[in-house]
Amino acid sequence: MADRNGAEVAVTEQERNLEVVRRYLRTFVTKDLAELAEVVAEDVAIYGSGAAVRGRHYVEGAVSSPGLTVVDQEIQEIFAAEDRVVVSLAQTYRRDATGAMAVQSACKMYRLAGGRIVQFWGEQDLYGLLRGLAMVPDEPLAF
């Protein structure tokens, strides 16, 4: 990494990991699958929403979701420790068919190795997103 004068500056593993996660999150806005491949391992392990799956193709599907566009992303908090990065964020989505907009919050934890994300865990407010996009009734669920 270079400073403002072009001199090389030592970068810690934690700083590199933070940048990798930022690049990964940015792909949800840019839909740049080439950049996604640079920062996410092909056999990434994914845990969350009651499922455990393996493979970058799952992430590619989420990044290029037809009909939904991420129009804004705000990282609320990001923290690195050793090979882990934890993020809380909010993404603003547009439902392309209707123009409806909604914000989805999420908390994620990533494990990195060799400059790539190899595992991640997390939860996001899918129900809130669907309600905000008028895809489910805007009323409390009865249990």
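Values in this document were obtained by computation on a predicted structure and should not be read as measured data.

## Digging into unusual backbone geometry
Residues other than glycine seldom take positive phi values, yet K31 does so here, at roughly 60°. Mapped onto the secondary structure, K31 falls in the loop between α1 (13-30) and α2 (33-39). The class for K31 is partly exposed, based on a relative accessible area of 32%. Although it is not a glycine, A134 sits at a positive phi angle of roughly 60°. Positionally, A134 belongs in the segment after α4 (126-132).

## Description of the sheet that holds strand β3 (residues 68-81)
Overall, mixed pairing links the six strands, which are arranged β2-β1-β6-β5-β4-β3 in an open sheet. The open sheet has two edge strands with one neighbour each: β2 (51-54) and β3. Strand-to-strand twist of the sheet, defined as the mean angle between neighbouring strand axes without regard to direction, takes the value 20°. Relative to strand β6 (residues 116-124), strand β1 (residues 40-48) is paired through four bridges, and the arrangement is parallel. Note that in β6 the partner of V40 across the bridge is I117. Across the sheet, α1 touches β1, β3, β4 (84-95), β5 (101-113) and β6, and the angle it forms with β3 is around 165°.

## Looking at the pattern of salt bridges
Following the criterion strictly, the structure yields eight salt bridges and no others. With a shortest N-O distance of 3.9 Å, R26 and E19 are connected by a salt bridge. Under the relative-accessibility criterion, R26 is labelled partly exposed at 36%. Its relative accessible area of 37% is what places E19 among the partly exposed residues. Put simply, R94 and D96 hold a salt bridge, and the shortest N to O gap is 3.1 Å. Given a relative accessible area of 30%, R94 falls into the partly exposed group. Where salt bridges share partners, they join E19, R23, R26, E35 and E38 into one cluster.

## Observations concerning the nonpolar core
In globular proteins that are soluble, nonpolar side chains generally tend to be buried together. Ranked by internal contacts, the top residues of the largest apolar core, which has 27 residues, are V21, Y24, V59, Y110, I117 and F120. Among the secondary structure elements, those contributing two or more residues to this core are α1, α2, β1, α3 (56-63), β3, β4, β5 and β6. In terms of residue count, α1 provides more of this core than any other element does, six residues in total. Among all residues touching V21, those that are not within four sequence positions of it are I78, V85, V87, Y110, L112 and I117.

## Description of α1
End to end, α1 covers 25 Å across 18 residues, agreeing with the expected 26 Å (1.5 Å per residue, within 8%). What α1 keeps buried is the set N17, L18, V20, V21, Y24, L25, T27 and F28. A positive backbone phi angle near 60° is found at K31, which sits one or two residues after α1.

Scoring rules and cut-offs
Residues numbered from 1 in each chain as written. Predicted model: local features only at pLDDT ≥ 70, side-chain atom pairs only at ≥ 80, totals over all residues. Heavy atoms only, no water. Helix = DSSP H or I, 4+ residues; strand = E, 2+ residues; numbered from the N terminus. Buried < 20%, exposed > 50% of the residue type's maximum accessible area, 1.4 Å probe, protein only. Pairing = 2+ DSSP bridges. Axes fitted to C-alpha atoms, helices over the stretch in contact; angles between N-to-C directions. Contact = heavy atoms within 4.5 Å. Salt bridge = Lys/Arg side-chain N within 4 Å of Asp/Glu carboxyl O. Core = buried A, V, L, I, M, F, W, Y, C linked by side-chain atoms within 4.5 Å. Expected span 1.5 Å × (residues − 1).

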